[in-house]
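# Coordinate inspection notes
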Amino acid sequence: MSMNNQGRPTSPKTGAAPDTSTHTGNKALQIEEALIFETGHMSGTGVDLPAPKSKTNRLGGNERVKSFGLPGLSEPEAMRHYVRLSQKNYAIDMGPFPLGSCTMKHNPRLNEKMARLPGLGDIHPLQPVSTVQGALELIDTLAHWLKELTGMPAVAMSPKAGAHGELCGMVAIKSALEARGEAGTRTRVLAPESAHGTNPATAAQCGFKVDTIPADETGRVDLAAFREKLGPDVAGIMVTNPNTCGLFERDIRALADAVHEASGYFYCDGANFNAIMGKARPGDLGIDAMHINLHKTFSTPHGGGGPGSGPTVLSDALAPFAPIPYVVHSSNGFRLVEKREGPASESFGRMTAFHGQMGMFVRALSYMISHGSDGLKQAAEDAVLNANYVLARLKTEMTPAFEGSCMHEALFDDRFLENTGVDTLDFAKAMIDEGYHPMTMYFPLVVHGAMLIEPTESESKRELDKFCDALLALAKAAKAGEADKFKAAPVHAPRRRLDETAAARKPVLRWTPPEGEESSLAAE
Ligand SMILES: *Cc1c(COP(=O)(O)O)cnc(C)c1O
C-alpha cells in the first residue's frame, strides 16, 4: 500500500490500480464541467412568470426577430456552474503561489471587510464631491503613505495596473521632453535585457525606440555598456529594482546620475517594491517615475487578469505633467482637480474615466495601517529571508542562476537537469502532480530554462520546507533517470498537457451551436 508523506494510505489496499474511468467523466466530486450553453436550454428560462393578461405592443415594429441566444438556467444551475468553475482556479487562499516577478501574497480578510463597508463599497464616482469626502480623504491618505514610503514628492493615483503606471510615467517623460522642445530628438529608451515585457512594450507604445542594455556576469545592468549607450537622443532608462533576477541593482545611483547627466529621465519599474519597502526609498536613489503595484506589494488578490492598481510616484521634474483627476485638500475639505487649467495646465490629461481603483485603495491603506511602518519593513525583510531560505535549501540539488544571496525571489537555471531528458517545462508539470502551482518559467530570458521562485513573506517555514522537500525530491528523481514520469506529467490533473501555444495564439472564445440547432436559436 502506498503512503503519503504523513504516513496515510493513498491507494486501495488490494491489487492492481483499478480502472479509473467513470460513466459521467467526473472524478469523485470533481465535476467535468460543461459549457453553460450545453448545461442550459435555449428554449428554457430560469423564471416562471404568468403570462400578462393583456399587453399593448409599444415597440413600434422594433421587436427582436431572433432569440437572445442565451441558455435558460435556474438559479441553482447558474450558481453551481460558476462556483464549480471558480473551484478549478488555483488561488493564494488554497496554497503557496511561488510565481516570481508577481508577488502573490496573502490578502488579509480585514482588507476585504474594509473594502465592503457600504460607505466605501457602495459609492459612485459621479456622486457630488460633498457626499464622498471620506473616500477622497482615503485616497489622499493613501497617496501620503505612498509618497512617504518612496520619498517622492507626487503620486498619480489613477493608473489601473503596473503596465498602466508605466504608461503614466513614460507619457509624463514624453510630456516633459515636449515641454523642453526635445520630444522629436530624444527618441531612444534604454532597458536591460532582463526587463519585464511590459517595459519595452510601454516604451514602444509611447513611440520610443527600445535599446537593450546587456547584463554583467552578476545579473545586473552592465554600467560600462550602459554609459556607452547614452547620447543626445536618449529619452531615459527603464530599470526594475530589485530586478527580475531577484537582485538589487547596486549601481542604481550611478545609473541615475549618468542618465541625468545625459539629460534623460529615470523610470523605475517598482513591481518588486515588496522587497525594499521601509528599507530603501526610490526618491533617494534618483528616480523620476515609478509605478507601485498595489496588488503585489500591498495585498489584494490578483492573477487571472485583475484587478490591478498602479499608482505612479513622480519627481519634481515630472509632477507638473501628472494625469488628472487628482485629489487636493483645502480648508473646505477635499475636492478633485478635473480640468487642465491653473496648477494642472501642464497635465498630460486623463488616463481613466474616474479616480482609480477604489476597492484596492481601501485594501492597500488597510494593509498599511494594520502593519504600521515597522510592520511593512518587517514584511519586506521576511520576504527576502524566505527567498534566501528557499535558495539555500534548493541549491543542494538545483542550480542557482547567480552566485550569492538574493532579494525577494530565488532564480535557478536548468543546468541541474542537463542530460536528464527533463526540461524546465516537464519539471513544472511534475510540480502540479505534487500539488504545487509551478513557479515562473523561462523568465527572465537572460537565464537558460529559468525557474523563478518568489515565496513572499506569507509562507511559514513549515510550508516552505514542504515545498522545498517536494522540489528536491523531483530534482533527485530527474537525475535518477525518471524522465518518463516527467514527460507524462501532469497525470493527476483534470487535463494533461495542452497545446499552450495554440491556446494563447488561437483561443476559441466563442461557442457555436452544433449543426442543426441554429434554427432553434433563431426561433421565437
Ligand atoms: C507585474 C509586473 C509588471 C506589470 O504589472 P501589471 O500590474 O501586471 O500590469 C511590470 N514589471 C514587473 C517587473 C512586474 O513584475
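Residues numbered from 1 in each chain as written. Predicted model: local features only at pLDDT ≥ 70, side-chain atom pairs only at ≥ 80, totals over all residues. Heavy atoms only, no water.

Within the protein chain, the regular secondary structure consists of 16 helices and 13 strands. Across the 524 residues in the protein chain, those meeting the buried criterion constitute 47%. Of the contacts formed within the protein chain by residues at least 6 apart in sequence, a portion of 70% connects residues at least 24 apart. Per element, the accessible surface of the protein chain, about 27300 Å² overall, is 54% carbon and sulfur. (Helix = DSSP H or I, 4+ residues; strand = E, 2+ residues; numbered from the N terminus. Buried < 20%, exposed > 50% of the residue type's maximum accessible area, 1.4 Å probe, protein only. Contact = heavy atoms within 4.5 Å. Areas by Shrake-Rupley, 256 points an atom, 1.4 Å probe, with all protein chains shown as cover.)

In this section: the site of the ligand. Neighbouring the ligand are 13 residues; Ser101, Gly162, Asp269, His295 and Lys296 lie closest to it. Within the backbone of Ala163, one N or O atom sits 2.8 Å away from an oxygen atom of the ligand. At 2.5 Å from a nitrogen atom of the ligand is found a side-chain nitrogen or oxygen belonging to Asp269. Protein chains shield 87% of the accessible area of the ligand, which is 380 Å² for the free molecule. Put simply, the parts of the chain that give the shell around the ligand at least two residues each are helix H6 (162–179) and helix H10 (294–297). In terms of residue count, H6 provides more of the shell around the ligand than any other element does, three residues in total. (Near = heavy atom within 4 Å. Polar contact = N/O pair within 3.5 Å; in protein donor to acceptor, adjacent residues only side chain to side chain.)

On to the nonpolar core. If you look at the biggest cluster of nonpolar residues, it comprises 59 residues, and the most contacted ones within it are Leu142, Leu146, Phe226, Ile237, Phe266, Leu294 and Phe298. Going through the elements one at a time, helix H5 (133–150), helix H8 (223–229), strand E4 (234–240), helix H9 (252–261), strand E5 (265–269), strand E9 (333–337) and helix H11 (358–394) are the ones with two or more residues in this core. The element best represented in this core is H11, accounting for 12 residues. Three or more residues apiece are contributed to this core by two domains, here domain 1 (110–368) and domain 2 (373–502). In contact with Phe298, not counting residues within four places along its chain, are Leu146, Leu149, Phe273, Met277, Ile292, Asn293, Arg363, Ala364, Tyr367, Met368 and Leu376. Within the second largest apolar cluster, 31 residues are counted, among which are Leu394, Val422, Met451 and Ala478. (Core = buried A, V, L, I, M, F, W, Y, C linked by side-chain atoms within 4.5 Å. Domains from an automatic or database assignment.)

Here we take up the domain arrangement of the protein chain. Interface size is often expressed as the accessible area that is lost when the parts come together. When the domains of the protein chain are assigned, the result is domain 1 (110–368) and domain 2 (373–502). With 26 residues of domain 1 at the interface, the matching set in domain 2 holds 20 residues. Summed over both partners, the interface of domain 1 with domain 2 comes to about 1800 Å²; 67% of that surface belongs to carbon and sulfur atoms. If you look at where domain 1 meets domain 2, you find one salt bridge. Ionic pairing is found between Glu381 and Lys279, a salt bridge with its closest N-O pair at 2.7 Å. If you look at where domain 1 meets domain 2, you find five residue pairs in polar contact (both at pLDDT 80 or more). Every element with two or more residues in the side of domain 1 that touches domain 2 is listed here: H5 and H11. Within the side of domain 1 that touches domain 2, the residues separate by chemical class into 13 nonpolar, 10 polar and three charged. (Buried area = accessible area lost by both parts, 1.4 Å probe. Salt bridge = Lys/Arg side-chain N within 4 Å of Asp/Glu carboxyl O. Nonpolar A, V, L, I, M, F, W, Y, C, P; charged D, E, K, R; others polar.)

On to the layout of surface pockets. The volume enclosed by the largest pocket comes to roughly 1600 Å³. What lines the largest pocket is a set of 40 residues, among which Lys88, Ile432, Ala493, Pro494 and Arg495 lie closest to the centre. Breaking the lining of the largest pocket down by element, the ones donating at least two residues are helix H12 (424–433) and strand E12 (440–441). Tallying contributions element by element places H12 first for the lining of the largest pocket, with three residues. The class makeup of the residues in the lining of the largest pocket is 17 nonpolar, 13 polar and 10 charged. (1 Å grid on protein atoms, 1.4 Å probe; cavity = no way out; pocket = protein on both sides within 12 Å on 5 of 7 lines; lining within 4 Å. Points joined across faces, edges and corners; volume = space filled by probe spheres on them.)

Once that is clear, we can look at the sheet that holds E12. Overall, antiparallel pairing links the four strands, which are arranged E10-E11-E13-E12 in an open sheet. The open sheet has two edge strands with one neighbour each: strand E10 (399–400) and E12. Packed on one face of the sheet, H11 meets E10, strand E11 (410–413) and strand E13 (451–453) and runs near 30° to E11. (Pairing = 2+ DSSP bridges. Axes fitted to C-alpha atoms, helices over the stretch in contact; angles between N-to-C directions.)

A word on the packing of aromatic side chains. To describe a pair of aromatic rings, one takes the distance between the centres and the angle between the planes. Per the counting criterion, the structure on display carries six aromatic pairs. Note on Phe37 and Trp511: the rings are 4.6 Å apart at their centroids and 0° apart in plane angle, and the pair reads as stacked. Placement of the pair is Phe37 in helix H1 (residues 36–39) and Trp511 in the loop between helix H15 (500–505) and helix H16 (518–522), with a sequence separation of 474 residues. Owing to a relative accessible area of 27%, Phe37 belongs among the partly exposed residues under this scheme. Judged by its relative accessible area of 22%, Trp511 is partly exposed. Ring pairs connect the aromatic residues Phe416, Phe427 and Phe486, which therefore count as one cluster. (Phe/Tyr/Trp six-rings, centres within 6.5 Å; stacked < 30°, edge-to-face > 60°.)

Time to look at the sheet that holds strand E6 (residues 289–291). Strand order in the open sheet made by the seven strands is E1-E7-E6-E5-E4-E2-E3, with mixed pairing throughout. At either end of the open sheet lies a strand with only one pairing partner, and these are strand E1 (154–156) and strand E3 (209–213). For this sheet, the mean angle separating the axes of adjacent strands, direction not counted, is 25°. Pairing between strand E2 (residues 188–192) and E4: three bridges, direction parallel. Across the sheet, the residue bridging to Leu190 is Ile237, located in E4. Across the face of the sheet, helix H7 (residues 198–205) comes into contact with E2, E3, E4 and E5 while running at roughly 155° to E4.

Considering every residue of the protein chain, the mean pLDDT works out to 93; 96% of them sit at 70 or more. Note that pLDDT drops below 50 for residues 519–524; the model gives that stretch 12 contacts with residues more than four away or on any other chain. (pLDDT = per-residue confidence, 0-100.)

By secondary structure assignment, the location of Glu166 is in helix H6. Apart from residues lying up to four places away in sequence, Glu166 is in contact with Thr198, Asn199, Thr202, Met238, Tyr267, Asp269 and His291.

All right, on to the pairing of E3 then. As judged from the five bridges shared by E2 and E3, these two strands associate in the parallel manner. Its bridge partner lying in E3, Ala191 is registered against Thr212. Taken together, E2, H7 and E3 form a β-α-β motif whose crossover is right-handed. (Right-handed = clockwise from strand over helix to strand, strands pointing away.)

In the contact formed by H6 and H7, the axes pass within 9 Å of each other and the chain directions differ by 45°. Relative to H7, H6 is oriented oblique. Every pair of crossing elements has a handedness; the one defined by H6 and H7 is right-handed. Residues Ala163, Glu166, Leu167 and Met170 of H6 form the contact with H7, whose own contacting residues are Thr198, Asn199, Thr202 and Gln205. Its residues assigned to classes, the contact of H6 with H7 comprises three nonpolar, four polar and one charged. (Parallel < 35°, antiparallel > 145°, perpendicular 65-115°, else oblique. Left-handed = near helix turned anticlockwise from the far one by under 90°.)

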